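# Structural characterization, general
The residues making up each chain are set out below.
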Amino acid sequence: MPRRRSLITGSVLLGVVVLLLISSASAATREFLMVTGEWSWHAKKGEAEVVDRNRGQVDEIERYTFDPAFVVVNKGDTVILKIHVIKGSQHLVSVPAFGVSPTTIRRGEEKAIQFVADKAGIFEIRCDIHNSPASEGPMVGYIYVAGE
Ligand SMILES: [Cu+2]
């Protein structure tokens, strides 16, 4: 009987190890190249007025963006966002849900932000300078982490 019990115990342990290997094998490193963009509009003579949702009528309106603004990964993946600032003098990028502190990226620079997507859901990639309509934002992207 002790031999049979040790065989069962060994089989169970082997099964657990295989399951752990399978689940860890699905995690990957996913790299995304992102740029900062800027939409702007200045009404020309005869066109409709330029209206900002907070400030009312303005001469010109601008909004900063991430491009792409939506990325998809699996839970457990290591995510690398390579953010190249093309538009805007600087941005202060953070991913609060994964503990990524605000990182300053100046025009012309490309910086990599890395984290492990250890929980499933939809989370913000944000710029803390352009965080509202009054500051030509909100400049926000989203990361969808698939999994349970
Ligand atoms: Cu910004």
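Read on for an overview of the structure. From a predicted model like this one, the values you see are computed outputs, not experimental measurements.

Cut-off values and rules
- Residues numbered from 1 in each chain as written.
- Predicted model: local features only at pLDDT ≥ 70, side-chain atom pairs only at ≥ 80, totals over all residues.
- Helix = DSSP H or I, 4+ residues; strand = E, 2+ residues; numbered from the N terminus.
- Buried ≥ 20, exposed ≤ 12 C-beta atoms within 10 Å, placed from the backbone.
- Contact = placed C-beta atoms within 7 Å.
- Core = buried A, V, L, I, M, F, W, Y, C linked by C-beta atoms within 7 Å.
- Pairing = 2+ DSSP bridges.
- Axes fitted to C-alpha atoms, helices over the stretch in contact; angles between N-to-C directions.

Looking only at helices and strands, one finds one helix and 11 strands in the chain. The N-to-C order of helical and strand elements in the chain reads α-β-β-β-β-β-β-β-β-β-β-β.

Okay, the environment of D67 next. Considering the arrangement of structural elements, one finds D67 in strand 4 (residues 60-67). Taking the number of C-beta atoms within 10 Å as the measure of exposure, D67 has 14 and is therefore partly exposed. Separated by 31 residues in the primary sequence, D67 and T36 have C-alpha atoms spaced 6.1 Å apart. Beyond its immediate sequence surroundings of up to four residues, D67 is in contact with M34, V35 and G37.

Let us now look at the nonpolar core. Formed by 17 residues in total, the largest nonpolar core has its most connected members in L81, I83 and I125. For this core, the secondary-structure elements that each account for two or more residues are strand 4, strand 6 (78-84), strand 7 (90-95), strand 10 (121-127) and strand 11 (140-146). With sequence-adjacent residues up to four places away left out, I83 is seen in contact with M34, V93, I105, E110, K111 and I113.

Okay, the sheet that holds strand 4 next. The strand order 4-1-6-9 describes an open sheet built from four strands, whose pairing is mixed. A single partner strand is all that each edge strand has here, and the edge strands are strand 4 and strand 9 (110-116). Here the average twist between neighbouring strands, direction ignored, is 20°. One ladder, built from eight bridges, connects strand 1 (residues 29-42) with strand 4; its direction is antiparallel. Note on strand 4: the bridge partner recorded for V35 is D67.

Pairing is mixed across the open sheet formed by five strands, whose spatial order is 5-11-10-7-8. The sheet is open, and its two borders are formed by strand 5 (70-74) and strand 8 (100-106), each paired with just one other strand. Adjacent strand axes in the sheet meet at a mean angle of 25° when their direction is disregarded. Two elements, strand 7 and strand 10, share two bridges in a ladder whose sense is antiparallel. Bridge pairing in strand 10 places S94 opposite R126.

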